[in-house]
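# A closer look at the structure
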There are 2 protein chains.
Amino acid sequence: MENKKEIIAGIIIIGNEILSGRTQDTNTSTLSIWLNTLGIKVQEARVIPDDEKKIIETVNKFRNLFNYVFTTGGIGPTHDDITASSISKAFDLEYGPHKEAMTILEKYYKPGEFNEGRQKMAWMPTTAKLILNPTSGAPGFNVENVFCLPGVPSILKSMLGGMQNSLIGGNPILSKTINLRTVESEIAKSLSKVQDNNKDVDIGSYPFFRAGKLGVAIVLRSSDQSKIDKCDIEIIKFIKEKKIEIIENI
Amino acid sequence: MENKKEIIAGIIIIGNEILSGRTQDTNTSTLSIWLNTLGIKVQEARVIPDDEKKIIETVNKFRNLFNYVFTTGGIGPTHDDITASSISKAFDLEYGPHKEAMTILEKYYKPGEFNEGRQKMAWMPTTAKLILNPTSGAPGFNVENVFCLPGVPSILKSMLGGMQNSLIGGNPILSKTINLRTVESEIAKSLSKVQDNNKDVDIGSYPFFRAGKLGVAIVLRSSDQSKIDKCDIEIIKFIKEKKIEIIENI
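Here the structure is a predicted model, which means the values were calculated and not measured. (Residues numbered from 1 in each chain as written. Chains lettered and ligands numbered in written order. Predicted model: local features only at pLDDT ≥ 70, side-chain atom pairs only at ≥ 80, totals over all residues.)

### Quick notes on the relation of the copies chain A and chain B
How we decide: Here the copies are superposed with least squares, the fitted atoms being C-alpha atoms of residues at a pLDDT of at least 70 in both. The contact criterion used is a C-beta to C-beta distance within 7 Å, with each C-beta placed from the backbone.
Structural alignment of chain A on chain B gives an RMSD of 0.0 Å, achieved by rotating through 180° and translating 0.0 Å along the axis. The symmetry that links the two subunits is that of a two-fold axis. Among all residues of chain A, the minimum C-alpha distance to the rotation axis is found for arginine 46 of chain A, at 2.2 Å. Looking at chain A, 100% of its interface residues are interface residues in chain B too, so the copies touch through the same face.

Here it is, written out as structure tokens:
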């Protein structure tokens, strides 16, 4: 298999409502799952408040650390939506009405309805590339390797497809899950040996409680199917020796 | 009202399964909501992989930035559970079997069942304070201002009560929510003025879609009820002028 460089990403969730616990973030998992399919691995996610200094600092840190950075939240029309102005400052770019975004929003609203509040949604780095929003008009935007998306999960989901051509992925990250009727401590030592023999495969072990019974999910992740298969064989071998029930192997 | 210093916290979610999107994190919101009731405000949350260097770096950064740090995940018996050893390194403390934890786990398991895998759950900084686990035996632990909890949400929840006496809170953070039948752009300008007049109150604006209709939730947060009330009056004033329907004011 051709060895492409690993492509990594960071996610920045912007919003006091996530940190107060009022809103449950789901955008991290939505983005992670979608990026996996493109062969892009999320290395870190941060939830930060609607604070200009913090946004600038985090974006500038992440855009140097990762191939791609995705922000969610803070691009609406109200005073607490400061992502677009903060990104402009992070990149030292002019913040103002984006011509193409203005045109899109003018068409989206009825005559007379494109008021000052709504116009704010077209304010961003004036040279940004737009990320089209098929659900509610107001576009996201992209500057260099940073992609800024809205916080509302359903709108964010509708915009993923439009970004796909702007991203260069790696080898898709493949996974295999082995669900066992056991507890972690029964398999810990043997599993640790398999991990030592297979350093390129990310082996995770996750206890679960389902239909009144305890179990453990072993998850193997790699971009190389043959490496996953080798691991799988080694795990099944010790599982059979220990006479542990295999619930699923998928 | 007595002016206590603001007490702030950071949350570190440790686990590849969150970053791959396989598991949806809910511990951030559980911890945030609980900390709010103690008057402790979460300033930042980070999701990081099961990576020793990254855990050490993040813990050492956070314990200097915040009054309290909470980690979740990575304290089970398998090879990918490296939080306890990483925390020992972060604090330069001996990592080994914790006497009190060993005693607890010996009692928890039937004779002969306290195997090597299970004993690993008693390995941690040997001088750590334990956080008792009423659900499944294996305790969490606390070193200075860092509290290490398991990743399984139901177990984590059962352990919160046991930490309460170790935390010194601030004034509880109070909140008020005004749900309106409107869209954000209709109120953006007026709300921005209210925020300018009331810099001490955190005013958030969150669009929602419920029962087929659009609305906006305005959330006021402060530790001072009189400041929230003042804000509320100013908001209700412009809402009435604009003839916007108030759905709830709670």
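### Some thoughts on the sheet that holds strand S6 (residues 129-131) of chain A
Inclusion rule: When DSSP finds at least two bridges between two strands, those strands are taken to pair. Think of it this way: any DSSP run of H or I at least four residues long counts as a helix, any run of E at least two long counts as a strand, and we number them from the N terminus. Axis lines are fitted through C-alpha atoms, for helices just across the contact stretch, and the angle between N-to-C directions can take any value from 0 to 180 degrees.
Taking strand neighbours across the sheet as the criterion, the twelve strands line up as S6(A)-S7(A)-S8(A)-S3(A)-S1(A)-S2(A)-S2(B)-S1(B)-S3(B)-S8(B)-S7(B)-S6(B) in an open arrangement whose pairing is mixed. Of all the strands in the sheet, just S6 of chain A together with strand S6 (129-131) of chain B have a single pairing partner and so form its edges. Taken over all neighbouring pairs, the strand axes of this sheet differ in orientation by 20° on average, direction set aside. Relative to strand S2 (residues 40-48) of chain B, strand S2 (residues 40-48) of chain A runs antiparallel, the two being bridged by three bridges. Across the sheet, residue alanine 45 of chain A finds its bridge partner in S2 of chain B, namely valine 47 of chain B.

### Regarding the domain arrangement of chain A
What counts here: Where each domain starts and ends follows an automatic or database-derived domain assignment.
When its domains are assigned, chain A resolves into domain 1 (7-166) and domain 2 (174-249). When each unit is reduced to the centre of its C-alpha atoms, the spacing between domain 1 of chain A and domain 2 of chain A is 38 Å.

### Some details on the packing of helix H8 (residues 184-197) of chain B against helix H9 (residues 225-241) of chain B
When two helices pack together, their arrangement is given by the angle between their axes and by how far apart the axes lie. Residues and elements named next belong to chain B. Selection rule: Orientation categories follow fixed angle ranges, with anything under 35 degrees roughly parallel, anything over 145 roughly antiparallel, 65 to 115 roughly perpendicular, and all other angles oblique. Helix crossings get a hand from a simple test, with the near helix turned counterclockwise from the far one by less than a right angle marking a left-handed crossing and a clockwise turn marking a right-handed one. Residues are sorted three ways: Asp, Glu, Lys and Arg are charged, Ala, Val, Leu, Ile, Met, Phe, Trp, Tyr, Cys and Pro are nonpolar, and all the rest, Gly among them, are polar.
Contact geometry for H8 and H9: axes closest at 10 Å, N-to-C directions at 160°. Taken together, H8 and H9 sit at an angle that is classed as roughly antiparallel. Both H8 and H9 take part in a crossing whose hand is right-handed. Note on element contacts: H9 touches H8 through Cys231, Glu234, Ile235 and Phe238, opposite Ser190, Val194 and Asn197. Of the residues that constitute the contact of H8 with H9, the class distribution is four nonpolar, two polar and one charged.

### Things to note about the interface of chain A and chain B
Every contact between the two is made by 48 residues of chain A and, on the other side, 48 residues of chain B. For the side of chain A that touches chain B, the leading source of residues is helix H8 (residues 184-197) of chain A, giving eight residues. Residue composition of the side of chain A that touches chain B, by class: 15 nonpolar, 20 polar and 13 charged.

### Here's the deal with the sheet that holds strand S12 (residues 245-249) of chain B
Residues and elements named next belong to chain B. Taken together, the four strands give an open sheet; going across it, the order is S10-S11-S9-S12, and neighbouring strands pair in antiparallel fashion. Two strands close off the open sheet at either side, each with one partner strand: strand S10 (202-210) and S12. On average, each strand axis in the sheet is tilted by 25° relative to the strand beside it, whichever way the strands run. By the bridge criterion, four bridges tie strand S9 (residues 174-181) to S12 in an arrangement that is antiparallel. Residue isoleucine 178 lies in a different strand from S12, and its bridge partner there is asparagine 249. Running at roughly 165° to S10, H8 makes contact with S10 and strand S11 (213-222) of the sheet.

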